[in-house]
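Working through the structure, step by step
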Protein chains: 2
Amino acid sequence: MEPLDGKGLAQEIQARLKDEILDLKARTGRVPGLAVVLVGADPASRTYVKSKEKAAAELGIFSRVVRLGTDAGREELIARIQELNRAKEVSGVLVQLPLPKKFPVWDILDHLDPAKDVDCFHPFNLGMVLLNRAHLFPCTPAGVMALIDHYKLDVTGMNALVVGRSFIVGKPLFTMLSNRDATVTLCHSKTRDLGSLVKRADLVVAAVGRPAVITADMIKDGAIVIDVGTNYLDKRDEVRQYCDESQQEKFEKKGYAYAGDIHYPAYDKASFYTPVPGGVGPMTVAMLMQNTVELFKKGLAPGQ
Amino acid sequence: MEPLDGKGLAQEIQARLKDEILDLKARTGRVPGLAVVLVGADPASRTYVKSKEKAAAELGIFSRVVRLGTDAGREELIARIQELNRAKEVSGVLVQLPLPKKFPVWDILDHLDPAKDVDCFHPFNLGMVLLNRAHLFPCTPAGVMALIDHYKLDVTGMNALVVGRSFIVGKPLFTMLSNRDATVTLCHSKTRDLGSLVKRADLVVAAVGRPAVITADMIKDGAIVIDVGTNYLDKRDEVRQYCDESQQEKFEKKGYAYAGDIHYPAYDKASFYTPVPGGVGPMTVAMLMQNTVELFKKGLAPGQ
């Protein structure tokens, strides 16, 4: 039951990126730029955007956040995205999700230039991932793969189970694990008898966004357990039910705590597991920074 | 053990398309057009291309086959594709695979206009399939889904197993079955203990291109068995080993026979199965015709 230290690895990656950005600046006179479009005042989204801004600042990445009120119209939102598509100082653009419900997600995201699609959600970019031709990957799945690689866990031939089929995590991670020669099963809300499927898995990834979707009794001894969920809890009974001791202490001090999608006693049965918080979460931000640098480098003239 | 009659359904679909094309012609003065690029003289490819030409002719689809020798260069091949991209009378273009080995497949296919990509292999089009946003689907997976739908087999919650992860069949079919609420596992050459995975599957799809990859002992009683393989055999011992009686008779008369990827005694354990030949094969051609008509309709001016 060794934890996969996402926080530590993210710091390591970011330190490396910081050096690389210094080099790039010395060589080109420019730095990578990240633009984030935030619509509305969802508190979780605001927190995520702040952590992205902060990470960018620490690395020397230029960042720009375009904040729009919930009353913003479709045309305005699209115009701002198009402006960022054209902006020379911006290497990558992302629209913070979820958008307010009045915006159908693809009606907005389709306006992102695929060459600046730092989240790697554009159909072309996801198609490249499916085809095993990609150089850019969605941040959370990329973070999971980077952790797996860092700890030299060879997934070849493993029975892997991905729970959750979002385009943000489940679907691309499925395809990335398959491209790495795991035998992957994709589970979702219509899956029957999830427990028995989990029981057979050598590698389990939960990306649902609900606490304790997977419980300790389901886990095979020695499985690798990857928890993508970071569920914010502020009700005492939920915290008692879902959180380990350290998060319960946090709740007593701060009034909130986090739980993953996998019930924490499952970690005891795992060979390796990602803690929540401190596992996949920090890796997602590190991969976003890495993608920003990649897009910047791709945009350089040959020889630069 | 009811056969899924792909040949019959393909004829039905093609009859419907024929009527639709007559209507379209009456309304627009034009007919859909299909262009096929064939490089080299691979006998199987030539047979496939002929059957595509024949189907198009029967439906009133204009077709054009560009035949290039194996000595054709990359630039020439790309120039011909670009010419077809521009040709007004051509609704859809496909490059018959496999290409001669000297051509890296994507180095050629990437020159197809995604709006004329009738095989639906372009990263953008496959990304749309992954995202469950597609109106166009690769022909063979589309044929499998059409058979499943025609026989009103509800795959929701089924444990489905797809063997083979090609971009032509396995990967898109995986994602289409998942989008239809099956719990899908994707197997391949690195999968361990395929037999025990097949044993648990309610729906098994084999798309490997090698006879008897799946044998009767692996199949769960009552499973749905979909065989995408059409393996050409012309050696007596192979025909004896892999072919049912009717194909053995064919071999005695013609000197060749076909076998699927699933050993035929497996059909006895299935609730439904696709015969080889006459199952998925004819559906692939019907779906190609359907895709050609779809692309033609998409290219019409609004109101036409």
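What counts as what
Residues numbered from 1 in each chain as written. Chains lettered and ligands numbered in written order. Predicted model: local features only at pLDDT ≥ 70, side-chain atom pairs only at ≥ 80, totals over all residues. Helix = DSSP H or I, 4+ residues; strand = E, 2+ residues; numbered from the N terminus. Rg over C-alpha atoms; globule rule 2.2 N^0.38 Å. Buried ≥ 20, exposed ≤ 12 C-beta atoms within 10 Å, placed from the backbone. Pairing = 2+ DSSP bridges. Axes fitted to C-alpha atoms, helices over the stretch in contact; angles between N-to-C directions. Least-squares fit on C-alpha atoms with pLDDT ≥ 70 in both. Contact = placed C-beta atoms within 7 Å. Right-handed = clockwise from strand over helix to strand, strands pointing away. Nonpolar A, V, L, I, M, F, W, Y, C, P; charged D, E, K, R; others polar. Parallel < 35°, antiparallel > 145°, perpendicular 65-115°, else oblique. Domains from an automatic or database assignment. Expected span 1.5 Å × (residues − 1). Arc of directions from axis to C-beta.

1. A short note on the overall build of chain A
What chain A contains, in helices and strands, is 11 helices and 11 strands. Since a compact globule built from 304 residues should have a radius of gyration of about 19 Å, the 19 Å found for chain A is in line with a globular shape. The C-alpha extent of chain A, read off along each of the three principal axes, is 55 × 40 × 35 Å. Counting all 304 residues of chain A, 49% fall into the buried class.

2. Description of the sheet that holds strand E4 (residues 92–95) of chain A
Residues and elements named next belong to chain A. Pairing within the open sheet is parallel, and its 3 strands lie in the order E3-E2-E4. This sheet does not close on itself; its edge strands, each paired only once, are strand E3 (62–68) and E4. Here the strands of the sheet are splayed against their neighbours by 15° on average, with no regard to which way each runs. Of the strand pairs in this sheet, strand E2 (residues 33–39) and E4 are connected by 4 bridges, and their pairing is parallel. If you follow Ala35 over to E4, its bridge partner there is Val93.

3. Some details on the relation of the copies chain A and chain B
Think of it as a corkscrew move, a rotation about one axis and a shift along it, taking one chain copy to the other. If you rotate chain A by 180° and push it 0.0 Å along the axis, it lands on chain B with an RMSD of 0.0 Å. Expressed as a symmetry operation, the mapping of one chain copy onto the other fits a two-fold axis. In this assembly the copies share their binding face: 100% of the residues contributing to the interface of chain A also contribute to that of chain B.

4. Focus: the pairing of E2(A)
Residue and element names in this part refer to chain A. For E2, a buried count of 7 out of 7 residues is recorded, marking the element as mostly surrounded by other parts of the structure. Here E2 shows no split at all, with Gly33, Ala35, Val37 and Val39 on one side and Leu34, Val36 and Leu38 on the other all buried. For E2 and E3, the ladder comprises 7 bridges, and the chain directions are parallel. Across the sheet, residue Val37 finds its bridge partner in E3, namely Val66. Following the chain from E2 across helix H2 (residues 43–59) to the adjacent parallel E3, one finds a crossover that is right-handed.

5. What about the interface of chain A and chain B?
Facing 24 residues of chain A, the contacting portion of chain B comprises 24 residues. The biggest single contributor to the side of chain A that touches chain B is helix H5 (residues 123–130) of chain A, with 6 residues. When its residues are assigned to classes, the side of chain A that touches chain B shows 11 nonpolar, 7 polar and 6 charged. One ladder, built from 3 bridges, connects strand E6 (residues 183–187) of chain A with strand E6 (residues 183–187) of chain B; its direction is antiparallel.

6. Some thoughts on the packing of H5(A) against helix H7 (residues 170–179) of chain A
Residue and element names in this part refer to chain A. Following both chains from N to C, one finds H5 and H7 inclined at 30°, their axes separated by 9 Å at the closest point. By the angle between their directions, the pair H5 and H7 is classed as roughly parallel. Of the residues in H7, those in contact with Leu126, Val129 and Leu130 of H5 are Pro172, Thr175 and Met176. Classifying every residue of the contact of H5 with H7 by side-chain character gives 5 nonpolar, 1 polar and no charged.

7. A look at the domain arrangement of chain A
Each domain of chain A was delimited in the assignment, giving domain 1 (28–113) and domain 2 (138–281). Here the C-alpha centre of domain 2 of chain A lies 28 Å away from the C-alpha centre of domain 1 of chain A.

8. Description of the sheet that holds strand E2 (residues 33–39) of chain B
Residues and elements named next belong to chain B. The sheet built from 3 strands is open, its strands ordered E3-E2-E4 with parallel pairing. Only two strands of the sheet have a single partner each, and these edge strands are strand E3 (62–68) and strand E4 (92–95). This sheet shows a mean twist of 15° between the axes of neighbouring strands, independent of strand direction.

9. Concerning unusual backbone geometry
Val276(A) connects to Pro277(A) through a cis peptide bond whose omega is -5°. By secondary structure assignment, the location of Pro277(A) is in the loop between strand E11 (272–273) and helix H11 (280–298). Between Leu97(B) and the following residue, Pro98(B), the backbone shows a cis peptide bond with an omega angle of 0°. Turning to its location among the elements, Pro98(B) is positioned in the loop between E4 and helix H4 (105–109). Although it is not a glycine, Cys120(A) sits at a positive phi angle of roughly 60°. Structurally, Cys120(A) can be placed in the loop between helix H4 (105–109) and H5. Exposure remark for Cys120(A): the 27 C-beta atoms within 10 Å place this residue in the buried category.

10. Comments concerning helix H3 (residues 74–86) of chain A
All names here are of chain A. For H3, which comprises 13 residues, the first-to-last C-alpha distance of 19 Å matches the rise-based estimate of 18 Å (1.5 Å per residue) to within 8%. Those residues of H3 that fall on the buried side of the exposure criterion are Leu77, Ile81 and Leu84. Buried residues of H3 fall within an arc of 60° about the axis and therefore sit on the same side. Opposite the buried face of H3, at more than 90 degrees from it, the exposed residues are Glu75, Ala79 and Arg86. Along its buried surface, H3 packs onto E2, E3, E4 and H4.

11. With respect to the environment of Asp71(B)
Residue and element names in this part refer to chain B. In this structure, Asp71 sits in the loop between E3 and helix H3 (74–86). Overall, the presence of 10 C-beta atoms within 10 Å leaves Asp71 in the exposed class. Between the alpha carbons of Asp71 and Pro100 there is a distance of 9.6 Å; along the sequence they are 29 residues apart.

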